[in-house]
Amino acid sequence: MSEKGTFYITTPIYYPSDKLHIGHTYCTVATDTIARYKRMCGYDVMFLTGTDEHGQKIEEKAKAAGMTPQQFVDNIVEGKGGILDLWKLMNISNDRFIRTTDDYHVEGIQRIFKKMYDNGDIYKGKYSGMYCTPCESFWTESQLVDGKCPDCGREVKYAEEEAYFFRLSKYADRVRELLLTGTFLEPASRVNEMIKNFIDPGLEDLCVSRTSFTWGVPVDFDPGHVVYVWVDALFNYLTALGYMNEGRDGKEKYWPADVHMVGKEIVRFHSIIWPAMLMSVGEPLPKKVFGHGWLLLGGGKMSKSKGNVVDPVILAERYGVDALRYFLMREFPLGSDGNFSNELLIARINSDLANDYGNLLSRTAAMVLKYFDGTLPAEREEAPEDAELIGMASGLREKYQKLMDTFQTQAALEEVFKVISRANKYIDENAPWVLAKDKAKAPRLASVMYNLLEALRICTCLLVPFMPDSCAKAFERIGADEAVRNWDSAAVWGSLPADVTVKKGDTLFPRIDLNKELAELEKLEEEARKAALPPLEIEPQLEECVDFDTFLKSDFRVVKVKSCEAVKKSDRLLKFILDDGTGKDRQILSGIHKWYKPEDLVGKTLVAIVNLPPRKMMGLESNGMLISAVHKEKGEECVQLIMADDSMPAGAKLC
Ligand code: MSP
């Protein structure tokens, strides 16, 4: 074991119900950055992520996709462009990946459920209440907001069934105490939320089994029941370490977890239900739950159903994984919500990475190459004006550490960039291009260059957890070998050898043309949105045949719209006066106002069936029916009139 000890950090396990978006990526990148930071500091880190694959939502989605639930989740987790591919692309350094359909986890959950049952904390009862299928959550009436799910705002359904219950109420006092003492839940603002919204109103026992669907971990001593997904999901943090199963190991070494990183909407599960269940099975509690904020889009939550998700793959492939990782950690403080926009992303990459850091790196390396052929000479001349830069860079690690240890990743990056800005200013103050003109000033020029390289090296050491690949390239460029790329050397000014040799290299972060890219991204996002739309719902064709003579009795004609207006007191009906080729006006009423403005239809060539018996609607006679195409899109009915070519004469018969 490392001298520093172990550090066990987790992300939530993700629902493989859709492709993951930038919000999920934010959560995983934040956890990865902290895991990498802790490894860099010398901890023996266990970083766990995975997928939460059971539940009614997955069962329903799989059915709609014509697959078994297992095939459905396999595809989203392991298929091309799936979750594993996304984490590989984003350079996520997890040590383990758990799937709740893994045999060892399923066995573990069955034993855990039985253990809680045997110790009297799970009992059989009857559940009736409101259930939100997308969130897999039961809610009491008082918890609903405007009658809808308080987490996602969607409709809830009344559900009633025989079920097992967990005695959550029994643990209310101990959980309250846990929340109120120490720093179990952070940021601190989330503690009040939990106490006020959940503990104070009184914790009710929790329904922990379902019988209305089968895609879950079966309760082995009562067939027909499956374990509630949140019990199944939360215990992943322990089964992944071999708790109650032989499939994994490491519990003795890594449990209790140092931190569970979770989004704010699932803090309730992690800071109330999870500790209570751990108390029930007699296991030590995690040291911390950190509830991060959401990445919002246009002020609201991203969600596939709103069609406003941002695809991390598009952004990472266009601007680089590291630039995207950097942006996510630099733009928003971890505990708060942040509004994502492409404009912010590009502006941040341009200002911090292309201008400040990238420029400092390329200018410094280029000058060492130009003035010293790449290798600094031994002779030096220090000057008092070096002190500020040296002082800032030397003290940077200490400031950074305090911030990183409290998950203030944004502020830690700010500190690093203060040194980078100072170094850029140092170039302007010392004007190396002027020093280079005078041979006698070569020692001074060498000192200036060395100071810049050292400042760059220290900053790069501390940027590694955020942008691992780009930092490796930067180290190459400034001639920093392995021995001076690490945590220890980040606190030691002067670690680069005096005769350091820099290398040529490509621009690390090319400048992005903001307007061009914004337009391009909008186009790509629109295409992605269209591709993600559910297939159109088209009515199945009738199986019953109609005989030809009967069909011929229907008289379909081309008609031209002479006038069209809304029918008073009806929000549905339009009144058409049509030329049907007979020389006499034909009046037809049609319930299509929702889809058409009357003025847009005047002059159009349409198709009508003209030998239906007359029908009265809103006191007006309708003689026939206009023919439309009808389908559903996202559950909404869409109606489109059949428009014929204008060259077709009114009255032409369709056959
Ligand atoms: N399966 C549960 C977690 C079980 S953990 C024992 C779940 N899955 S999820 O896929 O819906 O969400 C996983 C994580 O992604 C959550 O922490 C959630 O907050 C986070 N995010 C989802 N959308 C997000 C944003 N728009 N912004 C930031 N994080 C977001 O919940």
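As a reminder, the structure under discussion sits directly above these lines.
Residues numbered from 1 in each chain as written. Predicted model: local features only at pLDDT ≥ 70, side-chain atom pairs only at ≥ 80, totals over all residues. Heavy atoms only, no water.

Engineer: With reference to specific residues and values, describe the side chain of Arg477.
Structural biologist: Mapped onto the fold, Arg477 is located in helix H19 (residues 468–477). Of the side chains bearing the opposite charge, Asp506 lies closest to the buried Arg477, which forms no salt bridge; the N-O distance is 7.5 Å. Once residues within four sequence positions are removed from consideration, Arg477 is found in contact with Leu361, Ser362, Ala365, Val502, Lys503, Lys504, Gly505 and Asp506. (Helix = DSSP H or I, 4+ residues; strand = E, 2+ residues; numbered from the N terminus. Buried < 20%, exposed > 50% of the residue type's maximum accessible area, 1.4 Å probe, protein only. Lys, Arg positive; Asp, Glu negative; His and termini not counted. Salt bridge = Lys/Arg side-chain N within 4 Å of Asp/Glu carboxyl O. Contact = heavy atoms within 4.5 Å.)

Engineer: Lay out empty space enclosed by the protein in plain terms, naming residues and giving numbers.
Structural biologist: If you walk through the whole model with that rule in mind, you get one cavity of 30 Å³ or more. Surrounding the largest cavity, Phe551, Leu552, Ser554, Phe556, Lys653, Leu654 and Cys655 form its lining. Elements that contribute at least two residues to the lining of the largest cavity include exactly helix H21 (548–552) and strand E25 (653–654). Residues belonging to the lining of the largest cavity are distributed by class as follows: five nonpolar, one polar and one charged. (1 Å grid on protein atoms, 1.4 Å probe; cavity = no way out; pocket = protein on both sides within 12 Å on 5 of 7 lines; lining within 4 Å. Points joined across faces, edges and corners; volume = space filled by probe spheres on them. Nonpolar A, V, L, I, M, F, W, Y, C, P; charged D, E, K, R; others polar.)

Engineer: Describe the site of the ligand, and please don't skip the residues or the numbers.
Structural biologist: Near the ligand there are 24 residues, and of these Ile13, Asp52, Gly263, Glu265 and Leu295 occur at the shortest range. Here Tyr15 contributes a backbone N or O atom positioned 3.1 Å from an oxygen atom of the ligand. With the chains in place, 95% of the 660 Å² that the ligand exposes on its own is no longer accessible. For the shell around the ligand, the secondary structure elements donating two or more residues are strand E1 (6–14), helix H1 (22–41), helix H8 (229–234), helix H9 (236–239) and strand E11 (259–263). The biggest single contributor to the shell around the ligand is H1, with four residues. (Near = heavy atom within 4 Å. Polar contact = N/O pair within 3.5 Å; in protein donor to acceptor, adjacent residues only side chain to side chain. Areas by Shrake-Rupley, 256 points an atom, 1.4 Å probe, with all protein chains shown as cover.)

Engineer: Give me the lowdown on helix H14 (residues 342–372), citing residues and values where you can.
Structural biologist: Residues lying three or four places apart along an α-helix face the same way, a consequence of the helix completing one turn every 3.6 residues. Its maximal kink placed at Gly358, H14 deviates by approximately 40 degrees. Asp373 lies just past H14 and shows a positive phi near 60 degrees. (Bend = angle between axes of the 7 residues up to and from the residue.)

Engineer: An account of the layout of surface pockets is requested, with residue identities and associated values reported.
Structural biologist: Counted as a void, the second largest pocket has a volume near 440 Å³. Taken together, 20 residues line the second largest pocket, and the ones lying closest to its centre are Leu589, Ser590, Gly591, Met625 and Leu626. For the lining of the second largest pocket, the elements supplying multiple residues, two or more each, are strand E18 (585–590), strand E20 (615–617), strand E22 (625–626), strand E23 (628–633) and strand E24 (636–641). Residues belonging to the lining of the second largest pocket are distributed by class as follows: twelve nonpolar, five polar and three charged.

Engineer: Break down the side chain of Asp555 for me, citing the residues and quoting the values.
Structural biologist: The residue Asp555 is located in the loop between H21 and strand E16 (556–566) in this model. Residue class for Asp555 comes out buried when judged on its relative accessible area of 16%. Asp555 has contacts with Ala608, Ile609, Val610, Asn611 and Lys653, leaving out every residue within four places of it along the chain.

Engineer: Kindly report on the packing of helix H13 (residues 321–331) against H14, identifying the contributing residues and their values.
Structural biologist: At a minimum axis separation of 10 Å, H13 and H14 run at an interaxial angle of 100 degrees. Judged by the inter-axis angle, H13 sits roughly perpendicular to H14. On the side of H13, the interface is formed by Ala323, Leu324, Tyr326, Phe327, Arg330 and Glu331, while H14 contributes Leu344, Leu345, Arg348, Ile349, Asp352 and Leu353. (Axes fitted to C-alpha atoms, helices over the stretch in contact; angles between N-to-C directions. Parallel < 35°, antiparallel > 145°, perpendicular 65-115°, else oblique.)

Engineer: Explain the sheet that holds strand E6 (residues 157–166) to me, and be specific about the residues and the numbers.
Structural biologist: Reading across the sheet, the four strands line up as E5-E4-E6-E8 and stay open at both edges, with antiparallel pairing between neighbours. Bordering the open sheet on either side are strand E5 (137–139) and strand E8 (206–207), each of which pairs with just one other strand. As defined by bridge partners, strand E4 (residues 122–132) adjoins E6 across ten bridges and the pair is classed as antiparallel. Across the sheet, the residue bridging to Met130 is Tyr158, located in E6. (Pairing = 2+ DSSP bridges.)

Engineer: Residues and numbers for the sheet that holds strand E7 (residues 185–186), please.
Structural biologist: The strand order E3-E2-E1-E11-E12-E7 describes an open sheet built from six strands, whose pairing is parallel. Both outer strands of the open sheet, strand E3 (96–99) and E7, are each paired with one neighbouring strand and no more. Pairing of strand E2 (residues 44–51) with E3, which is carried by four bridges, proceeds in the parallel orientation. Its bridge partner being in E3, Leu48 is matched across the sheet by Arg96.

Engineer: Tell me about the packing of aromatic side chains, residues and numbers included.
Structural biologist: In this structure the tally under the stated criterion is 26 aromatic pairs. Between Tyr164 and Phe221 the ring centres are 5.8 Å apart and the planes differ by 75 degrees, which places this aromatic pair in the edge-to-face class. With Tyr164 in strand E6 and Phe221 in the loop between strand E9 (209–210) and strand E10 (226–227), the pair connects residues that are 57 residues apart, well separated along the chain. Overall, Phe221 belongs to the partly exposed group, its relative accessible area being 27%. Each ring, one from Tyr357 and one from Phe509, has its centre 6.4 Å from the other, and the planes form 45 degrees; the classification is tilted. (Phe/Tyr/Trp six-rings, centres within 6.5 Å; stacked < 30°, edge-to-face > 60°.)

Engineer: Requested: an account of unusual backbone geometry, with residues and values cited.
Structural biologist: Cis geometry is found at the peptide bond from Glu186 to Pro187, where omega equals -10 degrees. Mapped onto the fold, Pro187 is located in the loop between E7 and helix H7 (189–199). Here the bond from Trp255 into Pro256 is cis, since omega is 5 degrees, no more than 30 degrees from zero. Its location among the elements puts Pro256 in the loop between helix H10 (251–254) and E11. Phi is positive for Ala431, which is not a glycine, with a value near 35 degrees. Turning to its location among the elements, Ala431 is positioned in the loop between helix H16 (409–430) and helix H17 (432–435).

Engineer: Which residues make up the pairing of E16, and what are the values?
Structural biologist: The side chains of a regular strand alternate, residue by residue, between the two faces of the sheet. Bridge analysis of E16 against strand E19 (residues 605–609) gives five bridges, and the strand direction is antiparallel. The residue bridging Val559 from the neighbouring strand is Leu606, located in E19. Where E16 lies against E25, two bridges are found, and the strand directions are antiparallel. Residue Arg557 lies in a different strand from E25, and its bridge partner there is Lys653. Bridge analysis of E16 against strand E17 (residues 574–579) gives six bridges, and the strand direction is antiparallel. Pairing of Lys560 across the sheet is with Asp579, part of E17.

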